[in-house]
Amino acid sequence: MIVEGLGKARIALTSEPTVVNGNPALLLRVDGEIDGVIAVRVEDARITGLYYVRNPQKLTRIASETPLTLR
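Summarised in this report is the structure supplied together with it. Note that this is a predicted model, so its numbers are computed, not measured. (Residues numbered from 1 in each chain as written. Predicted model: local features only at pLDDT ≥ 70, side-chain atom pairs only at ≥ 80, totals over all residues. Heavy atoms only, no water.)

With respect to the overall build of the chain
Selection criterion: Runs of E in the DSSP output that reach at least two residues are strands. Runs of H or I that reach at least four are helices, and both are numbered from the N terminus. When accessible area is computed with a 1.4 Å probe and restricted to protein chains, residues below 20% of their type maximum are described as buried, those above 50% as exposed, and intermediate ones as partly exposed. For accessible areas, the Shrake-Rupley method is used with a probe of radius 1.4 Å. Any residue's cover is judged against the shown protein chains and nothing else.
Along the chain, the regular secondary structure elements total 2 helices and 4 strands. Along the chain, from the amino end to the carboxyl end, the secondary structure elements read α-β-β-β-β-α. Here the chain holds 71 residues, and the buried ones make up 15% of them. Counting every atom, the chain has about 6000 Å² of accessible surface; 57% of that belongs to carbon and sulfur.

Some points on the environment of Val 53
Selection criterion: Residue contacts are defined here by distance: any two heavy atoms, one from each residue, within 4.5 Å place the two residues in contact.
As for its position among the elements, Val 53 is in strand 4 (residues 46-53). Sequence separation of Val 53 and Ala 39 is 14 residues, and the distance between their C-alpha atoms is 8.0 Å. Among all residues touching Val 53, those that are not within four sequence positions of it are Asp 35, Gly 36, Val 37, Lys 58 and Leu 59.

Digging into the pattern of salt bridges
Test applied: For this analysis, a salt bridge means a side-chain nitrogen from Lys or Arg found within 4 Å of a carboxyl oxygen belonging to Asp or Glu.
Inspection of every chain in the model, using the stated rule, returns 3 salt bridges. Its salt-bridge partner being Glu 16, residue Arg 29 comes within 3.2 Å of it at the nearest N-O pair. Of this pair, Arg 29 sits in strand 2 (residues 23-30) while Glu 16 is found in strand 1 (residues 13-20), placing the two residues 13 residues apart along the sequence. Taking relative accessible area as the criterion, Arg 29 reaches 24% and is therefore assigned partly exposed. Between Glu 43 and Arg 41 there is a salt bridge, and its shortest N-O distance comes to 3.5 Å.

Side note on the pairing of strand 1
The condition that has to hold: Whether two strands pair comes down to DSSP finding at least two bridges between them.
Sheet topology note: the strand 1/strand 2 ladder contains 8 bridges and is antiparallel. Bridging across to strand 2, Val 20 finds its partner in Asn 23. Counting the residues that bridge the hairpin from strand 1 to strand 2 gives 2 residues, and of these Asn 21 lies at a positive phi of roughly 55°.

Some thoughts on unusual backbone geometry
Glycine aside, negative phi is the norm for most residues, and most peptide bonds take the trans geometry. For Asp 31, which is not a glycine, the phi torsion comes out positive at approximately 50°. For Asp 31, the location among the structural elements is in the loop between strand 2 and strand 3 (33-43). Of note, Ala 45 is a non-glycine position whose phi angle comes to about 60°, a positive value. Relative to the helices and strands, Ala 45 resides in the loop between strand 3 and strand 4.

The following block contains the structure:
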């Protein structure tokens with residue numbers, strides 16, 4: 001199990017709820033540092049997408065709301 005492995009490695013994994021692009025998300029921290037964001041896209045009260053972002057360049061803007069656009 002991943003959680004058991006984290007305990008053995010002495011890694012502190014924490015999460016906190018947030019909003020990304022108007023949708024619910026979890027901000028994940030490893031040892032206090034931002035590691036990633038799990039975002040949930042909701043349409044008509046149904047989950048239609050899950051996104052896990054770990055790109056450090058995208059995570060630098062997590063403190064402010066930045067809308068995503070398709071190119």
